[in-house]
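Summary of the model geometry
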Amino acid sequence: MDLMEAIKGRRSIRKYKPDPVPEDALQKIIEAVRWAPSWANTQCWEMIVVKDPKIKSELATALTKTNPALSSMADAPIVIVLCGKKGVSGFKKGEAATVKGDWLMFDTGIAMQTLCLTAYSLGLGTVVVGLFDHKKAEEILGVPQNSEVVAMTPLGYPTTEGSPPKRKEISEFVFYEKYR
Ligand SMILES: Cc1cc2nc3c(=O)[nH]c(=O)nc-3n(C[C@H](O)[C@H](O)[C@H](O)COP(=O)(O)O)c2cc1C
């Protein structure tokens with residue numbers, strides 16, 4: 001698939017078929033994440049692949065009832081939870097190298113987009129889910145203190161194509177030479 005086609009065509013999918021995700025497709029997605037860029041190649045990301053319907057429904061309880069992605073947590077055959085190891089990305093000899101502190105959110109963000117684009121290229125749907133009780137999700141999954149849950153996504157075959165939400169005009173976010 002052409003890269004621009006993937007970037008523009010990927011949509012957040014919130015309705016899934018129950019059909020299983022082929023193991024080779026899952027492994028391709030994991031392999032793609034492996035090649036994402038990261039701070040000094042620190043690769044702080046960790047993934048939890050959840051297929052067990054019981055754990056998926058427990059995870060769904062961490063989402064608010066109004067989260068539009070709620071039903072997809074049970075409907076999709078897989079939920080992938082993206083975690084980040086703390087104090088690794090953006091650190092040099094245990095000290096934060098920049099005022100930004102931990103770059104965990106940045107690196108896991110790139111990893112998530114890599115995951116979503118690869119899934120799309122394989123005909124699979126995803127939706128980044130960030131609005132939930134992270135502490136609750138960490139308890140359910142047994143995530144240790146030195147890591148944190150950042151975001152998750154259902155993974156499966158979409159029931160319908162999503163329609164693209166409107167984007168800003170380029171002139172609204174691109175400046176040349178200096179800020180505005
Ligand atoms: C960091 C992040 C958190 C998000 N959290 C949620 C969420 O909790 N629930 C949901 O339904 N969509 C969530 N989304 C999906 C966005 O609503 C969606 O990407 C945006 O509306 C643009 O639509 P598109 O992905 O189809 O281009 C999230 C997206 C990002 C990048």
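Shown above is the structure to which this text applies.
Computed from a predicted structure; not experimentally measured.

Cut-offs used in this document
- Residues numbered from 1 in each chain as written.
- Predicted model: local features only at pLDDT ≥ 70, side-chain atom pairs only at ≥ 80, totals over all residues.
- Heavy atoms only, no water.
- Helix = DSSP H or I, 4+ residues; strand = E, 2+ residues; numbered from the N terminus.
- Contact = heavy atoms within 4.5 Å.
- Near = heavy atom within 4 Å.
- Polar contact = N/O pair within 3.5 Å; in protein donor to acceptor, adjacent residues only side chain to side chain.
- Areas by Shrake-Rupley, 256 points an atom, 1.4 Å probe, with all protein chains shown as cover.
- Buried < 20%, exposed > 50% of the residue type's maximum accessible area, 1.4 Å probe, protein only.
- Phe/Tyr/Trp six-rings, centres within 6.5 Å; stacked < 30°, edge-to-face > 60°.
- Expected span 1.5 Å × (residues − 1).
- Arc of directions from axis to C-beta.
- Pairing = 2+ DSSP bridges.
- Axes fitted to C-alpha atoms, helices over the stretch in contact; angles between N-to-C directions.
- Parallel < 35°, antiparallel > 145°, perpendicular 65-115°, else oblique.
- Left-handed = near helix turned anticlockwise from the far one by under 90°.
- Nonpolar A, V, L, I, M, F, W, Y, C, P; charged D, E, K, R; others polar.

Relative to the helices and strands, Val-21 is located in the loop between helix H1 (3–9) and helix H2 (23–34). Once the C-alpha coordinates of Val-21 and Lys-166 are considered, the two residues, 145 residues apart in sequence, prove to be 30 Å apart. Beyond its immediate sequence surroundings of up to four residues, Val-21 is in contact with Leu-26, Pro-77, Ile-78, Leu-124, Leu-155 and Gly-156.

In the vicinity of the ligand, 14 residues are found, and the nearest of them are Arg-11, Ser-12, Arg-14, Asn-67 and Val-128. Between the ligand and Arg-10 there is a distance of 2.9 Å, counted from an oxygen atom to a side-chain nitrogen or oxygen. Note that an oxygen atom of the ligand is positioned 2.7 Å from one of the side-chain N or O atoms of Arg-11. Burial of the ligand by the protein chains amounts to 63% of its free accessible area of 620 Å².

All right, on to the side chain of Thr-118 then. Mapped onto the secondary structure, Thr-118 falls in helix H5 (residues 104–121). Under the relative-accessibility criterion, Thr-118 is labelled buried at 16%. Look past the residues within four positions of Thr-118 in its chain and what remains in contact with it is Lys-28, Ile-29 and Ala-32.

Before going further, it helps to spend a moment on the environment of Asn-146. Along the chain, Asn-146 falls in the loop between helix H6 (134–141) and strand E5 (147–155). Residues Asn-146 and Thr-160, spaced 14 residues apart in sequence, show a C-alpha to C-alpha distance of 39 Å. Those residues in contact with Asn-146, other than ones at most four positions away along the chain, are Gly-84, Lys-85 and Lys-86.

What follows deals with the packing of aromatic side chains. For any pair of aromatic rings, geometry is given as the distance between the ring centres together with the angle between the planes. Applying the stated criterion to the full structure yields three aromatic pairs. Pairwise contacts between aromatic rings join Trp-39, Trp-103 and Phe-106 into one cluster.

A separate point is H2. With 12 residues, H2 should cover 16 Å at 1.5 Å per step; its first-to-last C-alpha distance of 17 Å lies within 8% of that length. Those residues of H2 that fall on the buried side of the exposure criterion are Ala-25, Leu-26, Ile-29, Ala-32 and Val-33. Projected onto a plane normal to the axis of H2, the buried residues spread over an arc of 120° and lie on a single side. Check the buried side of H2 and you find it contacts strand E1 (45–50), strand E2 (78–85), H5 and E5.

What follows concerns the pairing of E5. Among the nine residues of E5, eight are classified as buried, and the element is accordingly described as predominantly covered. As judged from the eight bridges shared by E2 and E5, these two strands associate in the antiparallel manner. Bridging from a neighbouring strand, Leu-82 pairs with Ala-151 of E5.

For the rest of this paragraph, the subject is the packing of helix H3 (residues 53–60) against H6. Interaxial distance between H3 and H6 falls to 9 Å at its minimum, and their mutual angle equals 160°. The orientation of H3 with respect to H6, classified from their angle, is roughly antiparallel. As for how H3 packs across H6, the hand of that crossing is right-handed. The residues of H6 that touch H3, namely those facing Ile-55, Glu-58 and Leu-59, are Ala-137, Ile-140 and Leu-141. Tallied by class, residues from the contact of H3 with H6 come to five nonpolar, no polar and one charged.

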